[in-house]
Amino acid sequence: MSEPLVPRMRSFGETIFAEMSARAAATGSINLGQGFPDTDGPPAMLATAIEAIRSGGNQYPPGPGLPELREAVAAQRRERYGLEYDPAEEVFVTVGATEGVAAAVLALAGPGDEVIVFEPYYDSYAATIALAGAERRPVTLRPDGGRFTFDPAELRAAVTPRTKLILVNSPHNPAGTVFTRGELRAIADVCAEHDLTAVTDEVYEYLTFDGAEHIPLATLEGMRERTVTVSSVGKTFSVTGWKTGWVTAPAPYVRAVRTVKQFLTYATGGPWQRAAAYGLRNELAWVEELRASLQAKRDRLVGGLEAAGFTAYRPQGTYFVQADIRPLGFTDGIELARALPEKAGVVAIPTQVFYDNAEAGAHFVRFAFCKRDEVIDDAVERLRGLA
């Protein structure tokens, strides 16, 4: 039998997250690979979802999303960032941010088009661009002054007459960078100069550290009308399994996203939408406590990794630390990540799988710190043996 999978998807097998989580389960290792918390979100928000189930909210909600969630999202964008969106026409609910990004890319790019991505990139971006039949044009983030950033000249050089979209992720998974206003201005200038649309993934918008400010690209002059913003409830409220996200954008873009999304999943679970609306309106103090606790966990993990011999880059946001493995005598992150469960009883993710330019990321592995303190402490104690 010939290979049934279409050629454009043949380079995408089992995700690295599935592979490494399976290794963690098989070996009894501590899983610092996949980015999900090991504690739950705010109790009252969880209770809202339970009550929504018990009160009969279990059938299809409206395709664009429950009005109460769209209104809560519009209020959040206005109150936090000064961005005005019409909840009826400019806010649209998706099955998590992953679907929001996918629907946006599938709606706005096609065969022959190019999409600029900053590498290392979240793995679904590459697959979604391939599904659209488009081509990705990577711009590499490199360490500079303790954080990862890009060269604006490389960004400009990545644009061709076929470029259609720039996919921007800030706070950035897996590099941990929160793009500065200057970096965002460089992106905005390229978009304006070449009439490009930006799709922004802002799922970690609340989870920034050391005073780093998350600035939505849409707030910059001239960018609201050309930006499709995607966010979600999962990371903000530690409910990653709810898969409830949203898109905010000018109405023509939302109509384009809706046209695609309605044939992917049609609607998103109603109880989770009702609870997400409650969380956005009532639980932001809980989110601030989460942010502070994650900053402390980050410092706990960074200190432990440095003590174990890694060079660790202190992230400005997200759940993740990038660790350079070369001080320990290793050079291949994939090789080390696959050996770590047996060598140390810990699972990490090799960062090079998120690059087109794999050499730039070959010596990094990614560790997640969205875990209980005792889990982090146990993991770093095990990793000390590598030295």
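Residues numbered from 1 in each chain as written. Predicted model: local features only at pLDDT ≥ 70, side-chain atom pairs only at ≥ 80, totals over all residues. Heavy atoms only, no water.

## Topic: the environment of S2
Here is the rule we go by: Starting at the N terminus, helices and strands are each numbered in turn, a helix being any DSSP run of H or I of at least four residues and a strand any DSSP run of E of at least two.
By secondary structure assignment, the location of S2 is in the segment before α1 (16-27). The sequence separation of S2 and E14 amounts to 12 residues, and the corresponding C-alpha distance is 20 Å.

## Quick notes on the UniProt feature "domain: Aminotransferase class I/classII large" (unreviewed entry) in the chain
Applied cut-off: UniProt positions are given in the numbering used here, feature names are shortened, and annotations may be inferred rather than shown by experiment.
The UniProt record marks residues 30-383 with the feature "domain: Aminotransferase class I/classII large" (unreviewed entry), using the residue numbering of this structure. Between the end C-alpha atoms of residues 30-383 the distance is 11 Å, and the span holds 41% helix and 18% strand.

## Notes on the packing of aromatic side chains
Just so we agree on the cut-off: When two rings of Phe, Tyr or Trp (its six-membered ring) have centres within 6.5 Å they constitute a pair, described as stacked for plane angles under 30 degrees, edge-to-face for angles over 60, and tilted for the intermediate range. Exposure is judged per residue with a 1.4 Å probe applied to protein chains only, and the accessible area is read against the type maximum: over 50% gives exposed, under 20% gives buried, and values in between give partly exposed. Any Lys NZ or Arg CZ found within 6 Å of a ring centre and within 35 degrees of that ring's normal is scored as a charge over the ring.
Across all of its chains, the model carries 16 aromatic pairs by this definition. Look at Y319 and F320: their rings are 6.0 Å apart centre to centre, the planes differ by 70°, and that puts the pair in the edge-to-face class. Assigned by exposure class, Y319 and F320 land together as buried. Grouped by ring-pair contacts, the aromatic residues F17, Y122, Y125 and F354 constitute a single cluster. Taking the ring centre of F320 as reference, the NZ or CZ of R366 above it sits at 3.6 Å.

## Some remarks on helix α5 (residues 123-131)
The element α5 is extensively covered by neighbouring structure, given that seven of its nine residues are classed as buried. By the burial criterion, the buried members of α5 are S124, Y125, A126, A127, T128, I129 and A130.

## Quick word on helix α10 (residues 284-307)
Our working rule: Each residue after the first adds 1.5 Å to the expected span of a helix. For this analysis, residues touch if any pair of their heavy atoms sits within 4.5 Å.
An ideal rise of 1.5 Å per residue puts 34 Å on 24 residues; α10 measures up with 35 Å between its terminal C-alpha atoms. In this fold, the buried residues of α10 make contact with β11 (311-313), β12 (320-324), β15 (364-368) and α13 (373-383). Where α10 ends, the next residue or the one after it, G309, has phi of about 110°, a positive value.

## Side note on unusual backbone geometry
Between S170 and P171 the backbone carries a cis peptide bond, its omega angle lying at -10°. Looking at the element boundaries, P171 is found in the loop between β7 (163-169) and α7 (181-194). For the bond running from N173 to P174, omega is 15°, close enough to zero to count as cis. Mapped onto the elements of the fold, P174 is located in the loop between β7 and α7. Its identity as a non-glycine residue notwithstanding, S238 has a phi of 55°, on the positive side. Within the secondary structure, S238 sits in the loop between β9 (227-232) and β10 (245-248). Residue classification places S238 among the buried positions, given a relative accessible area of 6%. At Y266, a position not held by glycine, the phi torsion is positive, near 65°. With respect to the element layout, Y266 can be found in the loop between α8 (251-261) and α9 (270-282).

## Considerations on the pairing of β12
Under the convention used in this document: A pair of strands is treated as paired once DSSP finds two or more bridges between them.
Counting buried residues along β12, five of its five residues qualify, which places the element largely inside the surrounding structure. Neither face of β12 is open: one carries F320, Q322 and D324, the other V321 and A323, and all of them are buried. Pairing of β11 with β12 involves three bridges; the strand directions are antiparallel. From the neighbouring strand, Y313 faces β12, where its bridge partner is Q322. Hairpin connection of β11 to β12: six residues between the antiparallel strands, including T318 at a positive phi of 80°. Pairing geometry for β12 and β15, over five bridges, is antiparallel. When the bridges of β15 are listed, Q322 appears paired with R366.

## Some points on the sheet that holds β12
Read from one edge to the other, the open sheet built from four strands follows the order β11-β12-β15-β14, with strand pairing classed as antiparallel. Each edge of the open sheet carries a strand with a single partner, namely β11 and β14 (349-350).

## Let's talk about the packing of α1 against helix α11 (residues 333-344)
We apply this condition: What counts as an axis is a line fitted to C-alpha atoms, over the stretch in contact for a helix, and the angles between N-to-C directions run from 0 to 180 degrees. Angle categories: roughly parallel below 35 degrees, roughly antiparallel above 145, roughly perpendicular from 65 to 115, and oblique for all the rest. Note on convention: the crossing is left-handed when the near helix lies turned anticlockwise from the far helix by less than a right angle, right-handed when the turn is clockwise. Gly is put with the polar residues, along with every residue not named as nonpolar or charged; the nonpolar set is Ala, Val, Leu, Ile, Met, Phe, Trp, Tyr, Cys and Pro, and the charged set is Asp, Glu, Lys and Arg.
Put simply, α1 and α11 touch, their axes get as near as 10 Å, and they point 15° apart. With respect to each other, α1 and α11 are oriented roughly parallel. In this structure, α1 meets α11 at a crossing whose hand is right-handed. Residue-level inspection shows E19, M20, R23 and T27 of α1 in contact with α11, the latter providing A337, R338, P341 and E342. Across the contact of α1 with α11, the residue classes tally to three nonpolar, one polar and four charged.

## Description of the side chain of E114
What counts is decided by this rule: Each polar contact in these results corresponds to two N or O atoms within 3.5 Å; when the atoms are within protein, one needs to be able to donate a hydrogen and the other to accept it, and residues that are neighboring in sequence are counted only if both atoms are side-chain atoms.
Structurally, the position occupied by E114 is in strand β3 (residues 114-119). On the basis of relative accessible area, E114 is assigned to the buried category, the value being 4%. Looking at E114, its side chain comes within polar contact range of the side chain of T160, at 2.6 Å. Within the structure, E114 has its side chain in polar contact with the side chain of T163 (distance 3.4 Å). Look past the residues within four positions of E114 in its chain and what remains in contact with it is E135, R137, A158, T160, R162, T163, K164 and L165.

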